[in-house]
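# Survey of secondary and tertiary structure
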Amino acid sequence: MTKRIAALTVSLLAVFAIDIFAAPPKPAAPPAPELKVVSFTGSIQIKSPDGKTVTIEAGKPMPPIPAGSQIEVKSGQAVFQSGGTAISAKAGDSFSFNATPAGAGGPQAVQIAATGDKTELKVTVGKSEAVLGKGDAISVAAAPAGGAGAMQVTAGEVSVTSGGQTTTVAKGQTVAGTPAGAPAAPAAPAAPAAPAAPATAPKAPAAPAAPAAPAAPAAPAAAAAPAPTGAPSAPDAGSTFEAPPTVEAPPPPPPPSPVQDQAVSPTCDPTVSPSAPGCP
């Protein structure tokens, strides 16, 4: 009896030892991130990894989109989000969505690749925005709470705007995200501008002008000689001179008649007076 009790005691101790010192079970792997539709107008077509295609109209419930799906905006506009990554798309845009959970290989990451010919996606992470065209792809690594993930270009060349500056990021390059609530870095103060050189050298003061010599008194004008009395005045320059009319001399008196030169004897007229000349 004593041996049986001892054997049972040993067995129980062995069982408890196994439970105590056994390795804890591994935690279940976190599920892969999903893509949520924040808002949209028109219609969206979703092709899931199993090959099923679903078209959802605006106003209807939109289920989460699993990783490995193809999304196309048929009409209107749509905004999608996965973690801290937002995707804005318009009618005609199409892209693929993939995601990997956090694990030993690295943090959780979201992969976005533009597939449509006229696609122009806007992927926003914090204050950084990337524009993707056909053939462009990026991977966004998750960041600690309150931070913004880093964007790495995995295909093509992507235009990224961050902090007010736009740069082109090539394949393999990474851009650190700026948290949305982080204040913008202050701009470096501008260096004071050098004083501008004067356009022309300052002019030397002008020498004082010499005093003008006093003007000589004017000589008195010579008195004009009196013109001879009766003499015609000289004609003015430029005037037409007219000669005075010719005065003809009077003709000489006629010669005396011989009859007039003889003495006339008085004739007596006794009827007038006896004493008239010529009466005896």
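In this report, the structure presented in the accompanying data block is examined. (Residues numbered from 1 in each chain as written. Predicted model: local features only at pLDDT ≥ 70, side-chain atom pairs only at ≥ 80, totals over all residues. Heavy atoms only, no water.)

### Digging into the overall build of the chain
- Each helix and strand in the chain was counted, giving two helices and 15 strands.
- Counting only residues that meet the buried cut, the chain has 19% of its 280 residues in that class.
- By sequence separation, contacts in the chain at least 24 residues apart represent 45% of the contacts at least 6 residues apart.
- Of the roughly 20,500 Å² that the chain leaves accessible, carbon and sulfur atoms contribute 63%. (Helix = DSSP H or I, 4+ residues; strand = E, 2+ residues; numbered from the N terminus. Buried < 20%, exposed > 50% of the residue type's maximum accessible area, 1.4 Å probe, protein only. Contact = heavy atoms within 4.5 Å. Areas by Shrake-Rupley, 256 points an atom, 1.4 Å probe, with all protein chains shown as cover.)

### Regarding the nonpolar core
- Ranked by size, the top nonpolar core spans 32 residues in total, and within it F80, I112, L132 and I138 carry the most contacts.
- For I112, the contacting residues outside a window of four places in its chain are I87, F95, S96, F97, L121, V123, L132, D136, A137 and I138. (Core = buried A, V, L, I, M, F, W, Y, C linked by side-chain atoms within 4.5 Å.)

### Focus: the sheet that holds strand β6 (residues 85–90)
- A sheet is described by the order of its strands in space; here seven strands give the open sequence β1-β5-β6-β9-β10-β13-β14, paired in antiparallel fashion. The open sheet terminates on both sides in strands that have one partner only, identified here as β1 (36–40) and β14 (165–169). When strand polarity is set aside, the average angle formed by the axes of neighbouring strands in this sheet is 20°. (Pairing = 2+ DSSP bridges. Axes fitted to C-alpha atoms, helices over the stretch in contact; angles between N-to-C directions.)

### Examining the environment of K134
- By the element assignment, K134 lies in the loop between β10 (128–132) and β11 (137–141).
- Considered as a pair, K134 and K118 are 16 residues apart in the sequence and their alpha carbons are 7.1 Å apart.
- Ignoring any residue separated from it by four or fewer positions in sequence, one finds K134 in contact with A114, T115, G116, D117 and T119.
- Polar side-chain contacts of K134 include one of 2.5 Å to the side chain of D117. (Polar contact = N/O pair within 3.5 Å; in protein donor to acceptor, adjacent residues only side chain to side chain.)

### Observations concerning the side chain of D93
- Note that D93 resides in the loop between β6 and β7 (94–100).
- Owing to a relative accessible area of 0%, D93 belongs among the buried residues under this scheme.
- Of note is the side chain of D93, whose polar atom sits 3.2 Å from the backbone nitrogen of E120.
- When sequence neighbours within four positions are dropped, the list of residues in contact with D93 reads I71, E72, V73, K118, T119, E120 and L121.

### Description of the environment of Q173
- Inspection of the secondary structure assignment puts Q173 in the loop between β14 and β15 (174–175).
- Using a relative accessible area of 42% as the deciding quantity, one classes Q173 as partly exposed.
- For the pair formed by Q173 and V153, sequence separation is 20 residues and the distance between their alpha carbons is 5.8 Å.
- The contact partners of Q173, leaving out residues within four places of it in the chain, are M151, Q152, V153 and T168.
- A distance of 2.9 Å separates a polar atom in the side chain of Q173 from the backbone nitrogen of A170.

### A few points about the pairing of β10
- Of the two faces of β10, only one is covered, namely that formed by S128, A130 and L132; the face formed by E129 and V131 stays uncovered.
- Bridge analysis of strand β9 (residues 121–125) against β10 gives five bridges, and the strand direction is antiparallel. Looking at the pairing, V123 lines up with A130 of β10.
- If you look at the hairpin formed by β9 and β10, you'll find two residues sitting between the two strands, and G126 has a positive phi there, around 65°.
- As defined by bridge partners, β10 adjoins strand β13 (residues 158–162) across three bridges and the pair is classed as antiparallel. Within β13, the position partnered with V131 by the bridge is S159.

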